[in-house]
Amino acid sequence: MRLAFLGPPGAGKGTQAELFARRYGFAHISTGEILRDGVRGGTPLGSKARGYMDGGELVPDEIVVGIVAEKLEGIDGGFVLDGFPRTVEQAEALNGILRGRNGSLDAVIYFDVDEDTVVRRLSGRRVCGKCGWNYHVENMPPKREGVCDRCGGEVHQRDDDRPEVVRERLRVYQRETAPLIDYYKRKGLLERVAGDPPPEEVQEEVRRLFADRLGSRR
Ligand code: AP5
């Protein structure tokens, strides 16, 4: 299956994409994660992207589209795009890339979460700088403060989770990304899932949507 996960910052796209892709053996392509790897590794991609990300802005379409095109080239089976596309231009470019491979998206899952929830999630989120695992200061703190349970790496706040940057990310989401909800609705591809329940319940809902097609693989 070829899926894209859509929703505001903090909607749970990454959490759900990871669970879903791992369960069904699909590739998980997170543009945010690829860009953050670039920043951490000080690569040319990272230095181009850093300023945009720290300010809560989108990285230019041509850079992100290039990343996704390259990733998709190496993938034969199903995939979940997490955080891409984020503009109508990116969506059009993705159509072109998939058409070139005689394919198209099967569905776009929109995780619907209200703004207060998103702000609460992001302001309390902490991530491991080494393995990227997510924590939350209230709901899911690491056992030892500041230390990753999984790899012992240092757990810190993402630069773009500071309150002023979160506000900008939400503004950018409304302006650039929210129009994709109608865009995919018109194409008959949009599936809305409530993103407020606990992660396992949200995941169950996503699986239910595709039970017919994935039933035998459960
Ligand atoms: P990206 O990393 O994609 O950030 P985002 O979309 O803002 O998404 P988040 O990672 O903040 O949230 P999420 O929806 O994945 O939620 P998560 O599962 O992590 O992008 C970062 C930056 O990179 C962008 O601002 C931009 O600059 C650039 N970029 C990336 N893609 C781009 C593109 N296509 N075009 C241009 N620029 C691009 O969960 C969030 C928190 O909530 C976690 O702590 C988690 O544990 C918790 N949580 C998750 N689900 C639940 C739940 N159901 N209940 C309670 N807590 C939950």
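That block above? That's the structure.
So, how was this worked out
- Residues numbered from 1 in each chain as written.
- Predicted model: local features only at pLDDT ≥ 70, side-chain atom pairs only at ≥ 80, totals over all residues.
- Heavy atoms only, no water.
- Helix = DSSP H or I, 4+ residues; strand = E, 2+ residues; numbered from the N terminus.
- Rg over C-alpha atoms; globule rule 2.2 N^0.38 Å.
- Buried < 20%, exposed > 50% of the residue type's maximum accessible area, 1.4 Å probe, protein only.
- Contact = heavy atoms within 4.5 Å.
- Areas by Shrake-Rupley, 256 points an atom, 1.4 Å probe, with all protein chains shown as cover.
- Lys, Arg positive; Asp, Glu negative; His and termini not counted.
- Charge placed at Lys NZ, Arg CZ, Asp CG, Glu CD.
- Near = heavy atom within 4 Å.
- Polar contact = N/O pair within 3.5 Å; in protein donor to acceptor, adjacent residues only side chain to side chain.
- Nonpolar A, V, L, I, M, F, W, Y, C, P; charged D, E, K, R; others polar.
- Axes fitted to C-alpha atoms, helices over the stretch in contact; angles between N-to-C directions.
- Parallel < 35°, antiparallel > 145°, perpendicular 65-115°, else oblique.
- Left-handed = near helix turned anticlockwise from the far one by under 90°.
- Pairing = 2+ DSSP bridges.

Draft legend 1. Highlighting the overall build of the chain. Within the chain one finds 10 helices and 8 strands. The C-alpha atoms of the chain give a radius of gyration of 17 Å, which matches the 17 Å a tight globule of 218 residues would have. With the C-alpha coordinates aligned to their principal axes, the bounding extent of the chain is approximately 45 × 40 × 30 Å. Within the chain, buried positions represent 46% of all 218 residues. A separation threshold of at least 6 residues defines the contact pool for the chain, and within that pool the share at least 24 residues apart is 69%. Carbon together with sulfur atoms contributes 47% to the accessible area of the chain, which is approximately 11300 Å² in total. Measuring between centres, the 35 positive side-chain charges of the chain sit 3 Å from its 36 negative side-chain charges.

Draft legend 2. Representation of the site of the ligand. Around the ligand, a shell composed of 33 residues is seen, among which T15, E57, R86, R125 and R169 lie nearest. In this structure, an oxygen atom belonging to the ligand sits 2.7 Å away from a side-chain N or O atom of R125. Those elements giving two or more residues to the shell around the ligand turn out to be α1 (13-24), α2 (31-41), α6 (115-124) and β6 (134-136). For the shell around the ligand, the element with the most residues is α2, which contributes 4 residues. A per-class count over the shell around the ligand returns 14 nonpolar, 10 polar and 9 charged.

Draft legend 3. The arrangement of the packing of α1 against helix α9 (residues 199-209) in detail. In the contact formed by α1 and α9, the axes pass within 10 Å of each other and the chain directions differ by 55°. As summarised for this structure, α1 and α9 are arranged oblique, according to the angle between their axes. Here α1 and α9 pass one another in a crossing that is right-handed. In contact with T15, Q16, L19, F20, R23 and Y24 of α1, α9 contributes P199, V202, Q203, V206 and R207. Grouping the constituent residues of the contact of α1 with α9 by class yields 6 nonpolar, 3 polar and 2 charged.

Draft legend 4. Examining the sheet that holds strand β2 (residues 27-30) more closely. The 5 strands lie next to each other as β2-β3-β1-β4-β8, forming an open sheet whose pairing is parallel. Looking at strand neighbours, the two that pair on one side only are β2 and β8 (190-194), the edges of this open sheet. For this sheet, the mean inter-axis angle between neighbouring strands, taken without regard to orientation, is 20°. Looking at chain direction, strand β4 (residues 107-112) and β8 are connected through 5 bridges and run parallel. Each residue of the ladder has a partner; that of Y110, found in β8, is R192.

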